[in-house]
Amino acid sequence: MADYAPLRGASHQRVLADWLAEAPFTLAMSSALRALLEHGLAPARFCGSSAGALVGACVASGASINAIEDMLLGLDRSQFWDPSPGLGLLSGQAFRRMLAGLLPTQRVEDTRTPLAVSAWQAKSRRTQVLQQGNLVEAVYASCAVPLLFQPARIGGRYYWDGGIADRHGLAATYPGERVLYHHLQSRSPWRGPHSKALHHPSRPNLITLAIDGLVRSGPGKLEQGRQAMHQAYNATGRALARPVGDALIIESVQDASP
């Protein structure tokens with residue numbers, strides 16, 4: 001289990017593990033999932049954009065956390081690198097095949113745990129929440145980084161990465177819903193100092209977990225995936241024992257190196 005088990009009942013202050021255990025909650029994050037499941041804190045619903053949509057869809061549809069991690073850690077660029085003429089460098093067909101082999105469920109509405117993913121619709125230039133339809137295409141749409149991947153086509157319209165306008169992955173949540181959200185601090189040079197993506201959301205019944213110093217992985221940094229997972233796992237384990245009084249929990253990865 002994660003380095004620091006939650007200390008339920010050890011303090012008069014309510015800690016994150018207690019808050020999560022009190023009632024059903026929605027998970028809008030991906031990297032903290034193993035630590036939560038090992039402490040018996042399974043989300044009642046998943047939502048997210050990009051990587052959050054991918055991991056949430058896998059777990060919601062019944063894939064084991066071990067299978068998900070094995071796939072992500074064993075991922076090689078050649079498995080999804082399929083350049084083709086179109087509105088993006090990669091056609092995305094290889095990525096879709098990989099998703100089809102991982103997802104036990106074919107449709108979003110048939111997942112074992114309710115799921116909603118965000119995708120950016122090109123025509124309206126707005127985020128659309130996908131809660132039904134082909135699961136592989138919905139997840140692909142939410143992960144389709146513009147210029148790198150060609151867009152998904154759903155209902156005759158083009159969709160790209162949900163993180164374009166819903167970086168927090170919270171578009172599918174409703175006011176007052178109990179949500180645990182993992183905030184990733186943006187390091188993009190394209191975001192201005194006042195961008196909403198740089199600040200964690202604040203609203204009733206939403207707990208934000210920010211992991212300071214988490215390494216970044218991605219299509220060009222796949223080798224850092226194992227370290228990022230290890231850091232997030234240990235930091236989340238410690239966070240479960242932290243008080244939730246201010247609705248923001250900040251953990252450092254300084255003691256969570258592999």
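Residues numbered from 1 in each chain as written. Predicted model: local features only at pLDDT ≥ 70, side-chain atom pairs only at ≥ 80, totals over all residues. Heavy atoms only, no water.

A.B. asks: Explanation requested: the packing of helix α5 (residues 93-102) against helix α6 (residues 135-143) in the structure shown.
C.D. replies: Two elements in contact, α5 and α6, have axes separated by 10 Å at closest approach and are oriented at 130°. Compared by their axis directions, α5 and α6 come out oblique. For the pair α5 and α6, the crossing hand works out as right-handed. Residue-level contacts link Phe95, Arg96, Leu99 and Ala100 of α5 to Val136, Glu137, Val139, Tyr140 and Cys143 of α6. (Axes fitted to C-alpha atoms, helices over the stretch in contact; angles between N-to-C directions. Helix = DSSP H or I, 4+ residues; strand = E, 2+ residues; numbered from the N terminus. Parallel < 35°, antiparallel > 145°, perpendicular 65-115°, else oblique. Left-handed = near helix turned anticlockwise from the far one by under 90°. Contact = heavy atoms within 4.5 Å.)

A.B. asks: Help me understand the pairing of strand β4 (residues 126-130), please; the structure alone is not making it clear to me.
C.D. replies: The side chains of a regular strand alternate between both faces of the sheet. Two strands pair when backbone bridges link them, and strand β3 (residues 115-121) and β4 are joined in this way by five bridges, in the antiparallel orientation. Bridging across to β4, Ala119 finds its partner in Gln128. From the end of β3 to the start of β4, which pair antiparallel, there are four residues, and Arg125 there has a positive phi angle of about 55°. (Pairing = 2+ DSSP bridges.)

A.B. asks: Would you take a moment to explain α5 for this structure?
C.D. replies: Given 3.6 residues to a turn, an α-helix orients residues that are three or four positions apart in the same direction. Of all the positions in α5, only Ala94, Phe95, Arg96, Met98, Leu99 and Leu102 are classed as buried. Buried residues along α5 sit against α3 (51-60), α4 (65-73), α6 and β5 (152-154). (Buried < 20%, exposed > 50% of the residue type's maximum accessible area, 1.4 Å probe, protein only.)

A.B. asks: I keep staring at the environment of Gln231 and nothing clicks. Help me out?
C.D. replies: The topology assignment puts Gln231 in helix α7 (residues 225-239). In sequence terms Gln231 and Ile211 are 20 residues apart; their C-alpha atoms lie 8.6 Å from each other.

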